[in-house]
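Observations on the three-dimensional arrangement
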Amino acid sequence: MENYQNFINGKWQDCKSGKTFENRNPADWDEVVGIFPKSDKEDVEMAVKSAREGFNDWRLTPAPKRGDILKKVGDIMVDRKEEIARLMTREMGKIIHETRGDVQEGIDTAYYAASEGRRLLGHNAPSELENKMNLSFRMPIGVAGIITPWNFPMAIPTWKIFPALVCGNTIVFKPASDTPATATELVKILLEAGLPPNVINIVHGGGGKVGTAIVNNTDVDVISFTGSSEVGQTIAEAGGRQLKRVSLELGGKNAQIVMDDANLELAIEGVLWGAFGTTGQRCTATSRLILHEDIHDKFMEMLVAHTKNLKIGNGLNEDVNVGPCVNEGQREIVEKYVKIGKKEGGTLVCGGEQMNDGECSKGFFYKPTIFTGITPDMTIAQEEIFGPVLSVLKIKSLEEAIEVLNGTIYGLSSSIYTQDVNSAFKAIRDIEAGITYINGPTIGAEAHMPFGGVKATGNGHREGGWEVYEFFSETKAVYVDFSGKLQRAQIDNY
Ligand code: NAD
């Protein structure tokens with residue numbers, strides 16, 4: 001067990017109050033992974049001051065040089081991939097194959113960011129006047145407040161921090177208190193790769209204290225938040241009052257449609273991975289399965305058999321398919337929704353209870369759970385559960401399937417299994433979601449593609465790919481007049 005610290009103003013240090021919290025393994029609650037500072041507003045203020053001081057030198061560092069540091073970050077992450085993946089599994093329970101993937105997403109994001117240091121493209125456009133040129137540049141914004149959830153402890157922070165850095169911003173980072181150890185490894189790697197100390201600051205602690213203090217600090221210019229819709233709303237309100245730039249990536253209620261012409265074996269593999277991967281704790285998890293009535297019964301028979309075969313246990317075992325819920329509170333939320341599902345008339349066809357046998361006795365395990373007979377108005381067809389619970393809805397046509405899929409407040413990920421090219425393209429056009437997979441599950445984003453959702457899933461920004469670089473930079477329009485005289489736009493030519 002290790003004692004961890006904040007990194008503020010170029011120094012690893014305890015929080016001012018000296019208070020701490022424990023980070024425990026959700027697969028084995030007896031194991032304490034680390035002790036972390038339980039920071040307050042005061043610590044955040046120091047971190048913001050440090051980031052502000054670091055900003056001037058960092059903004060003047062050429063973007064390709066900033067990118068070179070991210071290249072080294074990627075190289076170090078390659079060397080430490082296995083070590084970080086194992087730590088991540090211990091602190092949040094996700095199975096080792098997935099935590100390796102989580103680190104790999106960070107590596108991919110680092111190399112993409114490194115190359116973006118040599119792009120950060122602006123535009124040029126002709127001037128309407130003679131002997132004049134018009135250009136636009138991408139400028140750094142200032143101090144970026146980065147607030148992240150626990151389900152992708154490496155990938156999500158890197159989606160935000162790497163582009164923010166390449167664009168010339170400095171960072172105050174508050175990771176989720178369920179995953180502070182992986183976050184600390186990321187900061188150590190950034191420093192080892194040569195990032196100047198004031199440019200990155202990490203402050204551990206709870207959202208109510210540390211997160212709120214970052215959002216409310218008027219010296220933080222831009223906030224990038226991923227987490228629940230409830231918290232996202234409060235951040236949008238606080239950010240709005242300060243006219244602060246805010247990116248919100250929030251909840252989802254993602255669905256997979258399976259049409260009567262689909263390859264059923266493929267669709268089964270997709271839904272098993274989408275619904276029960278990460279124990280259903282992904283913002284893009286398949287939480288609803290929309291089945292055509294002609295294949296419903298056959299598909300359910302196959303799906304239930306496969307689901308019962310999933311191996312539940314400690315994610316460090318290579319043959320385990322489903323790890324624990326991240327903590328007791330999250331398992332209680334799952335139990336609450338299972339109760340509601342039964343009460344509202346859903347038919348429980350598998351799971352629906354905790355798993356406490358053998359190696360599962362010390363953790364927060366819950367059996368993969370499926371409800372059939374769900375109608376679109378039921379609570380478990382509408383609300384995000386964030387656990388291994390799948391609601392199955394029956395439909396008669398593609399149009400009905402899309403209407404059901406679109407019938408929630410969220411719009412993050414979506415999927416359709418069909419062999420009919422016309423159905424696929426109608427789905428691409430009509431589904432209201434930031435991401436649509438054809439013949440693939442609702443999970444599986446790649447680091448160089450835009451990631452994010454529509455409707456209540458966010459506020460219109462995207463992470464990943466090229467779009468996030470626009471979020472983390474300001475556009476400056478520049479006019480260069482070399483005519484040697486006053487030229488008046490809109491007046492002299494007309
Ligand atoms: P959460 O909203 O509880 O916490 C997210 C982060 O915000 C944590 O670091 C937390 O400490 C902090 N926080 C909490 N209260 C705060 C406040 N008042 N002010 C500022 N910060 C505060 O979410 P979670 O439980 O960590 O993650 C699960 C949620 O995240 C789910 O709803 C999931 O859908 C969502 N999520 C969305 C995406 C996406 O890209 N759309 C990705 C992953 C997770």
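Residues numbered from 1 in each chain as written. Predicted model: local features only at pLDDT ≥ 70, side-chain atom pairs only at ≥ 80, totals over all residues. Heavy atoms only, no water.

Taken as a whole, the largest pocket spans an internal volume of roughly 1,000 Å³. Taken together, 43 residues make up the lining of the largest pocket; nearest its centre are Gly227, Ser228, Ser229, Glu230 and Val231. Contributing elements (two or more residues each) for the lining of the largest pocket: α6 (207–216), β11 (222–226), α7 (229–241) and α10 (328–343). Its residues assigned to classes, the lining of the largest pocket shows 19 nonpolar, 18 polar and six charged. Here the lining of the largest pocket spans two domains, and each of domain 1 (2–250 + 458–478) and domain 2 (254–438) adds at least three residues to it. Taken together, 21 residues line the second largest pocket, and the ones lying closest to its centre are Glu105, Phe152, Arg282, Gly444 and Ala445. The dominant element in the lining of the second largest pocket, judged by the number of residues it contributes, is helix α3 (residues 96–116), at seven residues. Broken down by class, the residue content of the lining of the second largest pocket amounts to 10 nonpolar, five polar and six charged. (1 Å grid on protein atoms, 1.4 Å probe; cavity = no way out; pocket = protein on both sides within 12 Å on 5 of 7 lines; lining within 4 Å. Points joined across faces, edges and corners; volume = space filled by probe spheres on them. Helix = DSSP H or I, 4+ residues; strand = E, 2+ residues; numbered from the N terminus. Nonpolar A, V, L, I, M, F, W, Y, C, P; charged D, E, K, R; others polar. Domains from an automatic or database assignment.)

Attention now moves to empty space enclosed by the protein. Across all of its chains, the model carries three cavities of 30 Å³ or more by this definition. In this structure, the largest cavity encloses a volume near 80 Å³. Lining the largest cavity are 14 residues, and of these Ala285, Ser287, Glu384, Ile385 and Phe386 sit closest to its centre. For the lining of the largest cavity, the residue count by class is five nonpolar, six polar and three charged. By volume, the second largest cavity amounts to about 60 Å³. Around the second largest cavity sit Lys253, Asn254, Arg288, Leu405, Thr408, Tyr410, Gly411, Leu412, Ser413, Glu432 and Ala433, which together line it. Tallied by class, the residues present in the lining of the second largest cavity amount to four nonpolar, four polar and three charged.

With that out of the way, let us pick up the domain arrangement of the chain. Assigned domains within the chain: domain 1 (2–250 + 458–478) and domain 2 (254–438). One C-alpha centre belongs to domain 1, the other to domain 2; they are set 31 Å apart. Facing the 23 residues of domain 1 at the interface are 27 residues of domain 2. Contact between domain 1 and domain 2 buries roughly 2,200 Å² in total, counting both sides, with carbon and sulfur atoms accounting for 57%. Counting the surface domain 1 buries against domain 2, the share from its top three residues, Ala27, Glu98 and Trp150, is 24%. The tally of links between domain 1 and domain 2 comes to three salt bridges. (Contact = heavy atoms within 4.5 Å. Buried area = accessible area lost by both parts, 1.4 Å probe. Salt bridge = Lys/Arg side-chain N within 4 Å of Asp/Glu carboxyl O.)

This part takes up the site of the ligand. Close to the ligand lie 26 residues; Thr148, Ser228, Leu250, Cys283 and Glu384 are nearest. Ser228 is positioned with one of its side-chain polar atoms (N or O) 2.6 Å from an oxygen atom of the ligand. Here a nitrogen atom of the ligand sits 2.7 Å away from a polar atom, N or O, in the main chain of Leu250. When the ligand sits alone it has 850 Å² of accessible area, and the protein chains cover 86% of it. Its atoms largely coinciding with the cavity grid, the ligand occupies the largest pocket. Every element with two or more residues in the shell around the ligand is listed here: α6, β11 and α7. Looking at the shell around the ligand, the element that brings in the most residues is α6, giving three residues. Taken together, the residues of the shell around the ligand sort by class into 14 nonpolar, nine polar and three charged. Shared between two domains, the shell around the ligand takes at least three residues from each, and those domains are domain 1 (2–250 + 458–478) and domain 2 (254–438). (Near = heavy atom within 4 Å. Polar contact = N/O pair within 3.5 Å; in protein donor to acceptor, adjacent residues only side chain to side chain. Areas by Shrake-Rupley, 256 points an atom, 1.4 Å probe, with all protein chains shown as cover. Sits in = over half its atoms within 2 Å of the grid points.)

Turning our attention to the sheet that holds strand β6 (residues 124–126). Taken together, the three strands give an open sheet; going across it, the order is β6-β7-β20, and neighbouring strands pair in antiparallel fashion. At either end of the open sheet lies a strand with only one pairing partner, and these are β6 and β20 (474–481). The mean angle between the axes of side-by-side strands here comes to 20 degrees, regardless of whether they run parallel or antiparallel. Bridge analysis of strand β7 (residues 132–139) against β20 gives eight bridges, and the strand direction is antiparallel. By the bridge assignment for β20, Met133 is matched with Val480. (Pairing = 2+ DSSP bridges. Axes fitted to C-alpha atoms, helices over the stretch in contact; angles between N-to-C directions.)

Relative to each other, α3 and helix α4 (residues 155–166) sit at 10 degrees, their axes nearing to 9 Å. Classified by the interaxial angle, the pair formed by α3 and α4 is roughly parallel. Each of Asp102, Glu105, Gly106, Thr109, Ala110, Ala113 and Glu116 in α3 lies in contact with α4, whose residues at this interface are Ala155, Thr158, Trp159, Phe162 and Val166. Looking at the contact of α3 with α4 residue by residue, the classes come out as six nonpolar, three polar and three charged. (Parallel < 35°, antiparallel > 145°, perpendicular 65-115°, else oblique.)

Our next topic: unusual backbone geometry. Glycine aside, a negative phi is what most residues show, and trans is what most peptide bonds show. You will see that Thr278, though not glycine, has its phi angle at about 55 degrees, which is positive. As for its position among the elements, Thr278 is in the loop between α8 (264–276) and β14 (286–292). Look at Thr278 and you get buried, because its relative accessible area is 2%. Residues other than glycine seldom take positive phi values, yet Thr279 does so here, at roughly 55 degrees. Of note, Thr279 is situated in the loop between α8 and β14. A relative accessible area of 2% places Thr279 in the buried class. (Buried < 20%, exposed > 50% of the residue type's maximum accessible area, 1.4 Å probe, protein only.)

The sheet built from three strands is open, its strands ordered β1-β5-β4 with mixed pairing. Single-partner strands in this sheet number two, and they are β1 (2–3) and β4 (20–25). Running at roughly 100 degrees to β4, helix α2 (residues 63–92) makes contact with β4 and β5 (28–37) of the sheet.

Below, the discussion takes up the packing of aromatic side chains. A full pass over the atoms with the stated rule returns eight aromatic pairs. Seen from their ring centres, Trp29 and Phe364 are 4.8 Å apart, and the 70 degrees between their planes marks the pair as edge-to-face. With Trp29 in strand β5 and Phe364 in the loop between β15 (347–350) and β16 (369–372), the pair connects residues that are 335 residues apart, well separated along the chain. Aromatic rings pair up to connect Tyr4, Phe21 and Phe36 into one cluster. Positioned above the aromatic ring of Tyr112, the side-chain terminus of Arg119 is 5.9 Å from the ring centre. One cation-aromatic arrangement involves Arg282 over Trp273; the distance from NZ or CZ to the ring centre is 5.4 Å. (Phe/Tyr/Trp six-rings, centres within 6.5 Å; stacked < 30°, edge-to-face > 60°. Lys NZ or Arg CZ within 6 Å of the ring centre and 35° of its normal.)

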